[in-house]
Each structure stands twice: as C-alpha cells, then as structure tokens.
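Understanding the architecture of this molecule
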Amino acid sequence: MIHFSHVYKTYSGSVQALKNIDLYIDKGEFVFLTGPSGAGKSTLFKMISAFDRPCSGEVTVGEYNMNSISSSQVPFLRRKIGVVYQDFKLLKSSTVFENIALPLKVRGDGDNYIRDRVGEMLEHVGLSFKRDTFPQFLSGGEQQRVAIARALVHHPGILIADEPTGNLDPHLSEEIMDLLDKANAQGTTVFVATHDHEMVKRRNKRVVQINNGNIEKEFGGLDV
Ligand SMILES: Nc1ncnc2c1ncn2[C@@H]1O[C@H](COP(=O)(O)OP(=O)(O)O)[C@@H](O)[C@H]1O
Ligand SMILES: [Mg+2]
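Thresholds, definitions, all that
Residues numbered from 1 in each chain as written. Chains lettered and ligands numbered in written order. Predicted model: local features only at pLDDT ≥ 70, side-chain atom pairs only at ≥ 80, totals over all residues. Core = buried A, V, L, I, M, F, W, Y, C linked by C-beta atoms within 7 Å. Buried ≥ 20, exposed ≤ 12 C-beta atoms within 10 Å, placed from the backbone. Helix = DSSP H or I, 4+ residues; strand = E, 2+ residues; numbered from the N terminus. Contact = placed C-beta atoms within 7 Å. Pairing = 2+ DSSP bridges. Axes fitted to C-alpha atoms, helices over the stretch in contact; angles between N-to-C directions.

1. Examining the nonpolar core
Core analysis: the largest hydrophobic core is formed by 59 residues, its most contacted members being Leu33, Ile100, Ile148, Ala149, Leu159, Ile160 and Leu180. No other element matches the 6 residues that helix α5 (residues 140–152) contributes to this core. Sequence-distant contacts of Ile148, defined by excluding residues within four places in its chain, comprise Val84, Val125, Ile176 and Leu179.

Below, the structure is given as structure tokens:
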C-alpha cells in the first residue's frame, strides 16, 4: 500500500532529511514511526501525501507513484489519506461540525449525507454535544478528537498522524491512540509518528525507528 524504495530527500542547504529509505507498509497495518526531533519523520510523511517529492528513489501509495503524480491527480490521492497533526490545524472560524464536514464539502457530497456522516463521526469521537462550538472553546484533547473525526470522515484507506499526542497529557494521549486503534480495527492503514517511547511500548505494534534520515531499526508487528 505504501512503498518507499531507496528514497533520498535533500533540502537546500544540503540537509539530508531522508537517506536510502526502504519501507513497505501493507494495507491494514498499524505502524509507529519513532525518532528524535529532526530525524526525518515529518519529511517521510510529506512524501506520502505528496506535499513534497523524493530527490531520488521511488515512493508509491496505492496506485499512485509520487515521482510522477500530476497536480490534477493529487486531490484524488489526498481523498484516500486522512492526516492528523500535532497542532490540530482546525479552522478557527468554523464550528466543530463545519470542520469535520470540510472533506465531504470539498468532495461535493450532498447536505443530507454530510449531516448524517458528520453526526456519526461526532458520536464516534464523543463530541456530539460540541457540534456547534468553535475550536477555541475546546480543550486540546477535544480539538484533536475533532481533527481525527475530520481525518476519517471521508473513509480514507490511510491515516497518517504526525505526533498527534505531542501537545496532550498522557491520559488524553491514550484516548487519542484508542481512536487511532479503532480506525485500524475498521480496516484503515494507520501510520503514526511519535517520540513517546512509553506509549509505543504499551501498544505493542510494528515500530520503524529513524535517526538522521536513516531507518535504524525495525521491530514488532508481524515479525514478533
Ligand atoms: N522545508 C525544509 N527546508 C529545509 N530543511 C528542512 C525542511 N523540512 C525539514 N528540514 C530539515 O530536515 C530534517 C528532518 O526534518 P523533519 O522531517 O521535520 O524531522 P522530524 O519530523 O523527525 O522532527 C531536519 O534537519 C530539518 O531541519
Ligand atoms: Mg516532525
């Protein structure tokens, strides 16, 4: 489903953000990407959602080849991917409902479908009672739950989460991870960057560890 083959990414100023990355993630897997700040985690994620391209090597996501994807294909690729960030990235001037509805609006879904599907997602993340609230009135954990609902509302095959619990207390982090686990149990391929080692240990999943743009170590998951 996600395949990196000999991938290099060098930014201007000769920062080698990724060096010879080989990685295969199968449909339905749950994988943690760990590594210190600056290791290349966000860069690797940007390759998957076509926010950036490799300098050499090949990245494929489903039927899309990131080396040759055209700008008109990018929106279709992105419909197959949900993305969650550390800082939530909710629209401040939109309500919880409107934030979650956004991917469906962009896709041109009808109002009735949007109302029902967003209602379902609100229930799923336990925030039905906040549907008309603006993000600034939500706690961090609630904001991240809205972001997850928005990332999953259009049934993407892949969910990538870049340090989704980086701004949250430990017990809220567990809630967020439980939601990602649930999405995975429903068939979504989930790829999560984190440097929370304790959480990674507790969850017992496949772990890909990167440092200085290199995959240093892989363990867990199907190999155990
Ligand atoms: N747009 C960019 N321009 C130049 N350097 C970048 C850019 N994005 C990331 N980098 C550099 O690439 C390296 C990896 O960064 P990043 O992927 O953000 O790491 P992580 O997410 O693991 O903290 C760092 O040295 C960072 O400074
Ligand atoms: Mg990062």
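2. A word on the sheet that holds strand β8 (residues 189–194)
A sheet is described by the order of its strands in space; here 6 strands give the open sequence β6-β7-β8-β3-β9-β10, paired in mixed fashion. Pairing within the sheet leaves two strands with one partner each, and these edge strands are β6 (81–85) and β10 (214–219). Each neighbouring strand pair of the sheet contributes to a mean axis angle of 15°, computed without reference to strand direction. Its contacts with the sheet place helix α1 (residues 41–48) against β3 (30–34), β6, β7 (158–162), β8 and β9 (206–211), and it is angled at close to 155° to β7. Against the sheet, helix α6 (residues 170–185) makes contact with β3, β7 and β8, and its axis sits at roughly 155° relative to β8, the strand it touches most.

3. Remarks on the environment of Tyr64
Along the chain, Tyr64 falls in strand β5 (residues 64–65). Since 18 C-beta atoms lie within 10 Å of it, Tyr64 is described here as partly exposed. For Tyr64, the residues in contact, after removing those within four places along its chain, are Ile69, Gln73 and Leu77.

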